[in-house]
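An overview of the molecular structure
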Amino acid sequence: MFWLLLLLLAWAVAGTACTRLCLAAVHAAAVDRQDATTGREHDLTLYEAAFLSGGPARVADLTMVSMARQRRLLLAHTGWATVVDPRGRDEMERSVIGAIGPEGQSRIGPVRSAAAGAEAVRSLADSLVRAGLAVPDGARTTVAAGVRQVRAAALAVLALGATALLTPAPTQMPRELVALWFALPLALTLSCLAIARVEVHPYSRWASPAGQRLLGALTRRTGDPAGDRGYLTSVAVRGIRAIGEPELRAAFAHRDQPCRD
């Protein structure tokens, strides 16, 4: 029977997708339990907070904003960065200065890209992954990919069921009963999605659950937002939209635009 072959295919698609999602969720839950005690005594630096909130590009943005606040880097509203003090105080600052180049001036976009890919940022990422605060590269989209596969499987089951019902093939099985058989794998996929929506931890792209908890604690205990520490913490967590100065915001508005000079 042709409809039976389609039903077997529907079960195979639904079962494979749901199994993958369940395995990904179990693995993520195990990592979450393992990280539950991780980093409780860890005080996040601003660079670490920036990476956990927005990845390597956020670290580069924070470094340039910090240097601009200290008048050691000039960020013009036209989108150019000019070195005022060529002596970087840490590896991140030296990466930014090195990305600007020996002429001491460059557009912000290329500087941001080069600084985000520097060895200092990679070392920071590795240390956060080892501490259980950052999500490893290969695991960032595991659960999300599993959810997408289950959604695709649900659509595939619907399509296979519709095909079985519309195909004019001779069968002794009433069409209502055929539809009921296809409703079973569809119910499996939909229930799996419902459970995942409720039970699966909302992972971010960069921070693990332990990292997210530390970010929340850092935000809550930040002092005066108008102070330098509070200001830079806001930039680290929220990105350039936390920048209050219009000219500085205008400088970063050019960061993703290609250079036409």
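Reference entry: report on the structure contained in this document. The structure presented is a predicted model; accordingly, all values stated were derived computationally and were not measured. Here the residue numbers are simple positions, counted from 1 along each chain's written sequence. Since the coordinates come from a predicted model, pLDDT governs what is reported: local features require at least 70, and pairs of side-chain atoms require 80 or more to be given and counted, while whole-chain, interface and lining totals use all residues. Water and hydrogen atoms play no part in the side-chain values, which are based on all heavy atoms of the structure.

Turning our attention to the pairing of strand S2 (residues 80–83). Side chains Ala-81 and Val-83 project from S2 onto a buried face, and the interleaved Trp-80 and Thr-82 project onto a face without burial. Relative to S2, strand S1 (residues 73–75) runs antiparallel, the two being bridged by three bridges. Following the sheet pairing, Leu-73 is matched in S2 by Val-83. The rule for pairing is simple: two strands pair if DSSP sees at least two bridges between them. Each helix is a run of DSSP H or I of at least 4 residues and each strand a run of E of at least 2, with the numbering of both proceeding from the N terminus. Once S1 ends, the chain turns through four residues before running back antiparallel as S2, passing Gly-79 with a positive phi of about 95°. Inspection of the sheet shows S2 paired to strand S3 (residues 105–107) by three bridges, in the antiparallel sense. Paired with Thr-82 across the two strands is Gln-105, which belongs to S3. Relative accessibility decides the category of a residue: with a 1.4 Å probe and only protein chains considered, values under 20% of the type maximum give buried, values over 50% give exposed, and everything between is partly exposed.

Along the chain, Gly-104 turns up in the loop between helix H3 (91–100) and S3. On the basis of relative accessible area, Gly-104 is assigned to the buried category, the value being 16%. Each C-alpha atom of the pair Gly-104 and Pro-86 lies 8.1 Å from the other, and the pair is 18 residues apart in sequence. Note on definitions: a residue-residue contact is assigned when non-hydrogen atoms from the two residues lie within 4.5 Å. Apart from the residues lying within four places of it in its own chain, the contact partners of Gly-104 are Ala-81, Thr-82 and Val-83.

For Pro-246, the location among the structural elements is in helix H10 (residues 246–252). Residue classification places Pro-246 among the exposed residues on the basis of a relative accessible area of 66%. Spatially, the C-alpha atom of Pro-246 lies 8.5 Å from that of His-77, the residues being 169 residues apart in sequence.

Right, let's talk about the side chain of Glu-48 for a bit. For Glu-48, the position within the fold is in helix H2 (residues 46–69). Buried within the structure, Glu-48 lacks any salt-bridge partner; Arg-229 is the closest side chain of opposite charge, at an N-O distance of 8.6 Å. In protein, a polar contact means a hydrogen-donor-capable atom and an acceptor-capable atom, both N or O and within 3.5 Å, with residues adjacent in sequence counting only if both atoms are side-chain atoms; elsewhere, any N or O pair within 3.5 Å suffices. Polar side-chain contacts of Glu-48 include one of 3.0 Å to the backbone nitrogen of Thr-45. Note on charges: Lys and Arg go in the positive column, Asp and Glu in the negative column, and His and the chain ends are not counted at all. Whenever a carboxyl oxygen of Asp or Glu lies within 4 Å of a side-chain nitrogen of Lys or Arg, that contact is scored as a salt bridge.

What follows concerns the sheet that holds S3. If you walk across this open sheet you meet the three strands as S1-S2-S3, and the pairing is antiparallel. Since the sheet does not close on itself, it has two edges, and those belong to S1 and S3, each with one partner. Across the sheet, the mean angle from the axis of one strand to that of its neighbour is 20°, orientation sign disregarded. What counts as an axis is a line fitted to C-alpha atoms, over the stretch in contact for a helix, and the angles between N-to-C directions run from 0 to 180 degrees. Against the sheet, helix H4 (residues 108–116) contacts S1, S2 and S3, and its axis sits at roughly 90° relative to S3.

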